[in-house]
Amino acid sequence: IQVLIIAGNHDPIKEHGEIFELPENVYIFRSDIPEMIMVKDEDGESIAVVCGQSYRGNRESSPIHQQYPVSNDGIFRIAMLHTGLESPKSKYVPTTLNDLMEHPGFDYWALGHIHQPRILNEEGGPVVAYSGTPQGRDFGEQGLGGCWLVEVDDIKGIQMEYQLTSSVIYKNIFVDIGCAELRKADNLDQLEEHLVAKAQDILHQEIIHLDDESSLEGYFIRWEIGGRGKLHYYLSDDPRGCEQEICQALREVLFSQTPFVWTDSVVIRTASPLGDKMRDHHPMLHELMDQVISYLNEDTELRDELISTLGQAWTSNLDHEDQDDDRLALDNNTLESIVEDARYLILEGLAEGGKN
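What this report covers is the structure whose coordinates are included nearby.

About the thresholds
- Residues numbered from 1 in each chain as written.
- Predicted model: local features only at pLDDT ≥ 70, side-chain atom pairs only at ≥ 80, totals over all residues.
- Heavy atoms only, no water.
- Helix = DSSP H or I, 4+ residues; strand = E, 2+ residues; numbered from the N terminus.
- Contact = heavy atoms within 4.5 Å.
- Polar contact = N/O pair within 3.5 Å; in protein donor to acceptor, adjacent residues only side chain to side chain.
- Pairing = 2+ DSSP bridges.
- Axes fitted to C-alpha atoms, helices over the stretch in contact; angles between N-to-C directions.
- Parallel < 35°, antiparallel > 145°, perpendicular 65-115°, else oblique.
- Left-handed = near helix turned anticlockwise from the far one by under 90°.
- Nonpolar A, V, L, I, M, F, W, Y, C, P; charged D, E, K, R; others polar.
- Phe/Tyr/Trp six-rings, centres within 6.5 Å; stacked < 30°, edge-to-face > 60°.
- Buried < 20%, exposed > 50% of the residue type's maximum accessible area, 1.4 Å probe, protein only.

**Notes on the environment of Glu243**
Point 1. Assignment of secondary structure puts Glu243 in helix α4 (residues 239-254).
Point 2. Taking the C-alpha atoms as reference points, Glu243 and Ile268, separated by 25 residues in sequence, lie 6.7 Å from one another.
Point 3. Excluding residues that lie within four positions of it along the chain, Glu243 makes contacts with Val266, Val267 and Ile268.
Point 4. A distance of 2.8 Å separates the side chain of Glu243 from the backbone nitrogen of Ile268, its partner in a polar contact.

And the structure:
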C-alpha cells in the first residue's frame, strides 16, 4: 500500500530528517514546492494523482494550495492540505471552504490539523473532509479515533466510511450528587456503587455501537463529582482523601473487565444544598436572579465586561494549536458555570445570614 504523508505544524520537515528509516512504500512530500504523486494499480496503470506540500516549520502562513498543480488526464485527483481553514488566525495555511471548492482540478480535499473527523462538503463539488486523529493522545482528545475509507468508482461515485482505529478512549464523566440516585446517599460506598454502575452503563451503550473488528482495548476515565446534595457534607471534610479512596476503589473494580476501564483521576467539586433550599423558599428572588443571568447572556457588552473583570488569566480566544500556558480557556460553558456558581454563593450567603 502506497503511503503518502504531508508534514504539518506538529511534525514539520527538519534538516536532520526522520529519526527512523521509513519503509520504501512511504513518501513524505517536500516543503519547498508542491508535488504530484501518481497512484498506480497492480498492472502499473495510473488510477489517481495526489498533490501536497509539507510544512517547513511549525507555521505556514502562505496559501500554498493555490500553487498546487492540476492534472488534466481524467483520473481521480486528491489534494492533501494541513490547514486551520476558517480559523481567525492565519498560521496554518489561510483559506476557506469556498476557496477549496472553487479551486479547479480536484475531486477530494484531504485535510489535516483539526483533530476531529468532519465532512465539510460531500455533494455539489469536491469532497472536503478532515480525517481527525487515529488515536486520542490525552483528555483533550476524547472519543473514538479513526480515519476515512474512501471508495471511488464511475457508477457510485465517492463512498465514505469511517473506520475506527483507536485502541484506547479518553473520557470525562460528570456525576451530580443531586441526582435522584444519590439524593439521599450519605456514604462513600453508595457513591462508589453508583459510579461503577454509571461506568458500566455508559461503556455498554458505546460498545454496542462498535463493530466486531474494533481494536478497542480500554478506556481512561477522569471522573468529576459535582452538584449539590447531602454527600457534600461528607466529601468536604477530606476531599483529597475521598478522591484517592474513590479512585483506588474504581480501579480495583473496573480495571479487570474487558475492555479495561482505568480511572485516571477523581475530582470532587460539590457544594452545599443550602442554595437550593433558599431558592425554593424565595421564588421571587430566584426569578430575579434568572432575569439578571438572562440579561447577561443577551447583552454582549456586559458579557465582555464580565470576562474582562474575571482577569487576564482567562482568554475567550483559545488556539488549541498555539496555547498560552499562562491563560485558561474561557468558553461559553465555563463562563456559564462561573455565573451559576456565583448564583449559588449568593443564595448560600443569604441562607447562612438568615440563620444568624
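**Examining the sheet that holds strand β4 (residues 46-52)**
Point 1. Strand order in the open sheet formed by six strands is β3-β4-β5-β6-β8-β7, and the pairing between neighbours is mixed. Each edge of the open sheet is held by one strand with a lone partner, namely β3 (35-40) and β7 (118-121). Each strand of the sheet is rotated relative to its neighbour by a mean of 20°, with strand direction disregarded.
Point 2. Bridge analysis of strand β6 (residues 108-112) against strand β8 (residues 127-130) gives four bridges, and the strand direction is parallel. Residue pairing across strands places Tyr108 opposite Val127, the latter belonging to β8.

**Here we look at the packing of helix α2 (residues 188-207) against α4**
Point 1. Contact geometry for α2 and α4: axes closest at 10 Å, N-to-C directions at 45°. Here α4 runs oblique to α2, going by the angle between their axes. Here α2 runs over α4; the crossing is right-handed. Of α4, the residues touching α2 (which contributes Leu188, Leu191, Glu192, Leu195, Val196, Ala199 and Gln200) are Cys242, Glu245, Ile246, Ala249, Leu250, Val253 and Leu254.
Point 2. Residue composition of the contact of α2 with α4, by class: eleven nonpolar, one polar and two charged.

**Considerations on the packing of aromatic side chains**
Centre distance and the angle of the planes are the two values used to describe a pair of aromatic rings.
Point 1. In total, this model carries ten aromatic pairs according to the counting rule given.
Point 2. Between Tyr68 and Phe106, the aromatic rings sit 6.3 Å apart at their centres with planes inclined by 75°, giving edge-to-face as the arrangement. With Tyr68 in the loop between β4 and β5 (76-82) and Phe106 in the loop between α1 (97-102) and β6, the pair connects residues that are 38 residues apart, well separated along the chain. Pair check on accessibility: Tyr68 and Phe106 agree, each one buried.
Point 3. Geometrically, the ring pair formed by Phe139 and Tyr170 is edge-to-face, given 5.1 Å between the ring centres and 75° between the ring planes. Within this pair, whereas Phe139 is found in the loop between β8 and β9 (146-153), its partner Tyr170 is found in strand β11 (residues 168-176), the two being separated by 31 residues in sequence.

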